[in-house]
Amino acid sequence: MATTGQVIRCMAAIAWEPRKPLSIEKVDVAPPKAHEVRIKVVASGVCHTDWEYLNEAGRGMNLRSFPLVLGHEAAGVVESVGPDVTKFAPGDKVIPLFLPFCEECDQCKCEKTNLCKKNWENTQAGVLADGTSRISCRGQQVYQFLGVSSFCQYTVVPDTSLAKINPKAPLEKVCLLGCGVSTGYGAAVKTGKVEKGSCCAVFGLGAVGLAAVMGCQAAKARRIIAVDINPDKFQKAREFGATECINPRDYGNRPIQDILVEKTNGGVDYALECVGSPVTMSAALESTRDGWGTCIIAGWTETESMSVQVIKILMGRTLKGTYFGGWKSAKDVPQLVEDYMQKKLKLDEFISHNLPLAQINDAFSLLRNGQSIRTVISLENF
């Protein structure tokens, strides 16, 4: 492409400091270095994690370096590749990934985990392999959130953090597989391994929770109980497969775990926590059945602690965590795209709003007020 090897000037939404609205700015995106790929971002989902790192920085989340370009759930097209890149070429449709897959480390070679740590510490700190970002504004380095930064029209990512996908895939839909849908769906079918005929409870009906409901249905669970304090989400939950919906506020001060144990005559077989609240995590564990109940934590928090009564574990329960739904990112995401293309997986139904980059702060407001499931930001229509 004509821009190969050149700095690209484009638009991005910059977080200059925590708890302040994002600012739309012109930025410079440097060419990719060795084992890096520069992509033109076409669409990006707005994930609750983006909002949390902006507004809960230093609270439930570790404080990241600012200024920062958020966004980590995206899809785009390869613009150029750096030296030693062999798996990608300009024009490829791709999904950037906050979780790498190097194929070489012990974690990548082990079927028990997806936690590749290639460049992990750097990307968590907002920089690439050489310790710097490829994005700058007004002569100042701008950090790349999780090594991605998809609220920018162009970005540069490691070649181990990128999935090449079906060239016919609609990027404004499959971008959701970069985080939320993959996480919730995988929590049920990959990490939790929900069994046919089982009874499940899903806590939280955002995109991750609805994807978990979808996963439980795909696993042919007999009973899927959706739990949320916002009843406006119940109809959508039923569309994804929930057999019943519960609002904890309808039961006064009674703990939701007691309600679920009572309604299921002993507890659910699987509980999936998709909120990121330690209190909800404890409730989810306590809602499972003695002997074989399994609780999967998919909700995200970094610095908080959950309370676990030891007796709940001694009585045979299993408590598991999941990161990106257990999928080996670059290896498994292309197949998830194929599943969507073959109508085995829903994506369109998650999208409640489509907005241009200039309205990114409106997207955060919709998310925070519980008015959206997923807003997809168009980076082409500024």
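Residues numbered from 1 in each chain as written. Predicted model: local features only at pLDDT ≥ 70, side-chain atom pairs only at ≥ 80, totals over all residues. Heavy atoms only, no water.

The name an unreviewed UniProt entry gives the protein is Alcohol dehydrogenase 6, with Xiphophorus maculatus as the organism. Its UniProt record gives the protein the following Cofactor (unreviewed entry) comment, quoted word for word: "Zn(2+)". (UniProt positions renumbered as here; feature names shortened; annotations may be inferred.)

Undergrad: Got a sec to walk through the domain arrangement of the protein? Specific residues and values, please.
TA: Domain annotation for the protein reports domain 1 (181-325) and domain 2 (347-381). Between domain 1 and domain 2 the total buried area reaches about 670 Å² when both faces are included, carbon and sulfur atoms providing 76% of it. Taken together, domain 1 and domain 2 are joined by zero salt bridges. Those elements that provide at least two residues to the side of domain 1 that touches domain 2 are helix 6 (207-218) and helix 7 (234-240). Of the residues forming the side of domain 1 that touches domain 2, the biggest block, four residues, is contributed by helix 6. A class-by-class count of the residues in the side of domain 1 that touches domain 2 yields six nonpolar, one polar and two charged. (Domains from an automatic or database assignment. Buried area = accessible area lost by both parts, 1.4 Å probe. Salt bridge = Lys/Arg side-chain N within 4 Å of Asp/Glu carboxyl O. Helix = DSSP H or I, 4+ residues; strand = E, 2+ residues; numbered from the N terminus. Nonpolar A, V, L, I, M, F, W, Y, C, P; charged D, E, K, R; others polar.)

Undergrad: Can you lay out the environment of Tyr 270 for me, pointing to particular residues and giving the numbers?
TA: Tracing the backbone through its elements, the reader meets Tyr 270 in strand 14 (residues 270-273). In this structure the C-alpha to C-alpha distance between Tyr 270 and Leu 115, which are 155 residues apart in sequence, comes to 23 Å. Leaving out residues up to four positions away in the same chain, Tyr 270 has contacts with Gly 192, Lys 193, Val 194, Glu 195, Ser 198, Cys 199, Cys 200, Ala 201, Thr 294 and Ile 296. At 3.2 Å, the side chain of Tyr 270 and the side chain of Glu 195 are in polar contact. (Contact = heavy atoms within 4.5 Å. Polar contact = N/O pair within 3.5 Å; in protein donor to acceptor, adjacent residues only side chain to side chain.)

Undergrad: Quick rundown of the packing of helix 1 (residues 48-55) against helix 12 (residues 360-368)? Include the residues and the values.
TA: Across the interface, helix 1 lies against helix 12 with an axial gap of 10 Å and an inter-helix angle of 100 degrees. In terms of axis orientation, helix 1 runs roughly perpendicular to helix 12. Residue-level inspection shows His 48, Asp 50, Trp 51 and Leu 54 of helix 1 in contact with helix 12, the latter providing Phe 364, Leu 367 and Arg 368. (Axes fitted to C-alpha atoms, helices over the stretch in contact; angles between N-to-C directions. Parallel < 35°, antiparallel > 145°, perpendicular 65-115°, else oblique.)

Undergrad: Tell me about the environment of Glu 338, and please be specific about residues and values.
TA: Among the structural elements, Glu 338 can be located in helix 11 (residues 329-341). It is 21 Å that separates the C-alpha atoms of Glu 338 and Pro 90, two residues lying 248 residues apart in sequence.

Undergrad: Could you give me a rundown of the sheet that holds strand 15 (residues 294-297), with the residues and numbers involved?
TA: Taken in spatial order, the six strands make up an open sheet running 13-12-11-14-15-16, and their pairing is parallel. Each edge of the open sheet carries a strand with a single partner, namely strand 13 (244-246) and strand 16 (318-321). Across the sheet, the mean angle from the axis of one strand to that of its neighbour is 20 degrees, orientation sign disregarded. When strand 14 meets strand 15, the two strands line up parallel, connected through four bridges. If you follow Ala 271 over to strand 15, its bridge partner there is Cys 295. Docked against the sheet, helix 8 (residues 256-263) engages strand 11 (199-203), strand 12 (223-227) and strand 13, running at close to 160 degrees with respect to strand 12. (Pairing = 2+ DSSP bridges.)

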